[in-house]
Amino acid sequence: MTISNKSKPKKPRIQRERLKWVWPRNGSEWEPYHRVTWTDRSGKRKERSIKLDWQGDPRKLDDEYWAAEAGRHPAQRKPSKHTWAECIREWRSDAPIQKKLSAGTKKSYNREFEKILEKNADKPMSSTTKKAIRKKHNAMSATPRAADWMLQAVSILWNHAKDKLEWPLGDNPAHGVDKYGSQRVFLTWPDWMLEALASAPDDVRIAGELIRGTGQRPAASIKMLKSAFKGEWVTVTDEKGNETFDIYCPCRLRTLVENLEKGPRHVLAKSEKAPRSYDVVEKSFRAWRDTLAEIAAEHDDDAKRYSLHGLRKRACVELAEAGCTDAEIQAVTGQSLETVAKYRKEANQKAMSRTAQMRRFKE
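Because the structure is a prediction, the values reported are computed rather than measured. (Residues numbered from 1 in each chain as written. Predicted model: local features only at pLDDT ≥ 70, side-chain atom pairs only at ≥ 80, totals over all residues. Heavy atoms only, no water.)

(A) Layout of the environment of D302. Assignment of secondary structure puts D302 in the loop between helix 12 (293-298) and helix 13 (308-321). Between the C-alpha atoms of D302 and R289, which are 13 residues apart in sequence, the distance is 9.6 Å. Within polar-contact distance, the side chain of D302 engages the backbone nitrogen of K304 at 3.1 Å. (Helix = DSSP H or I, 4+ residues; strand = E, 2+ residues; numbered from the N terminus. Polar contact = N/O pair within 3.5 Å; in protein donor to acceptor, adjacent residues only side chain to side chain.)

(B) Inspection of the layout of surface pockets at higher detail. Looking at the second largest pocket, its volume works out to about 280 Å³. Taken together, 14 residues form the lining of the second largest pocket, with R212, G213, P250, L319 and V332 sitting closest to its centre. Looking at the lining of the second largest pocket, the elements that each hand over two or more residues are helix 8 (202-214), strand 6 (243-248), helix 10 (251-258), helix 13 and helix 14 (326-333). Of the residues contributing to the lining of the second largest pocket, the split by class is 9 nonpolar, 1 polar and 4 charged. (1 Å grid on protein atoms, 1.4 Å probe; cavity = no way out; pocket = protein on both sides within 12 Å on 5 of 7 lines; lining within 4 Å. Points joined across faces, edges and corners; volume = space filled by probe spheres on them. Nonpolar A, V, L, I, M, F, W, Y, C, P; charged D, E, K, R; others polar.)

(C) Up close: the pattern of salt bridges. Under the defined criterion, the tally for this structure stands at 21 salt bridges. Its salt-bridge partner being E17, residue R18 comes within 3.3 Å of it at the nearest N-O pair. The exposure class of E17 is exposed, given its relative accessible area of 68%. Ionic pairing is found between R45 and E47, a salt bridge with its closest N-O pair at 3.8 Å. Through salt bridges with shared partners, one network takes in D191, R212, R314 and E318. (Salt bridge = Lys/Arg side-chain N within 4 Å of Asp/Glu carboxyl O. Buried < 20%, exposed > 50% of the residue type's maximum accessible area, 1.4 Å probe, protein only.)

(D) Representation of the environment of W158 within the structure. Within the secondary structure layout, W158 lies in helix 6 (residues 144-164). Relative accessible area serves as the criterion here: at 2%, W158 is assigned to the buried category. Residues W158 and K130 lie 28 residues apart in sequence; the distance between their C-alpha atoms is 12 Å.

(E) Just the nonpolar core, in detail. Grouped together as the largest cluster of nonpolar side chains are 37 residues, with contacts concentrated most on W189, M193, L210, F229, V234 and W288. When residues of this core are traced back to their parent elements, those giving at least two are helix 7 (191-196), helix 8, strand 5 (233-238), strand 6, helix 10, helix 11 (278-290) and helix 13. Apart from the residues lying within four places of it in its own chain, the contact partners of L210 are G215, S221, M224, F229, L253, V267 and L268. Ranked by size, the runner-up nonpolar core spans 24 residues in total, among them Y109, M140, I156 and A174. (Core = buried A, V, L, I, M, F, W, Y, C linked by side-chain atoms within 4.5 Å. Contact = heavy atoms within 4.5 Å.)

(F) Structural view of the sheet that holds strand 5. Strand order in the open sheet made by the 3 strands is 4-5-6, with antiparallel pairing throughout. The open sheet has two edge strands with one neighbour each: strand 4 (229-230) and strand 6. Taken together, the 2 bridges between strand 4 and strand 5 define a ladder with antiparallel strand orientation. Its bridge partner lying in strand 5, F229 is registered against V234. (Pairing = 2+ DSSP bridges.)

This is the structure in structure tokens:
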């Protein structure tokens, strides 16, 4: 319905040099525009107008107007070309590439690509520098395997964009950044260190109980929600496989969680709604580990040889020593049968050596 001139509301009194109030055809209220006019070389008058979404709020109008004045209004931004998001879409739609890759490999790549999209989707690839990639790689030193995966994901996409899509990109920024490479095998925690865990700082002790009790990766264990614990069951997440499943919760771990302070959503809480980060807990773990030098020396050992991940391995070995089948261990940890077999080998070696020696000396 068209409103007659007699029934039009009064034009807002807000004035700016390039602010123009317009009554739209078939409209019901005045609309503000940022309007710039100029004359080109031929003497022709030109005009560019940007509608300001003020929503009836003078402060919102100010924000919109001055953004347009500074050239920062969304309507003035030119969409970036050759972005990370565009490259990932092209890679995912490339039939020859997709046919060559197994489902597991594609899942691994896509997991890394989603991390790139989270903060860099609309950024042009050409703006990524080697310095930035190296800085990011160094910042991920606590998780070297993930850091190297990041480098590989960048390289795959960069080479695809440059060689197959023929985008005007320079050298691959991930090229020449040294990878951490194959990491040392995580050592299983010894009994003396497991006993010392009882007197560790709360964040280290609780993290240790979560890792050992669930058999999950440290990062996933550290950010567990209290709501994941439901009576005899606990919901765990296999980050590598991106799977969530329920496992039986040991009474020891169940009691620990039930006795925690009420309020925060997470078992290891940074705030009411946020968990502590892996880096913070891992740093606290290393500080505690440094205090174990004397105890370690009494056992002719070095505490610095052990990591939080070694406690997960301890959980797997304990399951094997308890006589669990490979399928039963896998049902708890979610690991591949190949990995389970490695841990079983360690447990079986000790058991078989006892049997062999007792048989040898007829004990």
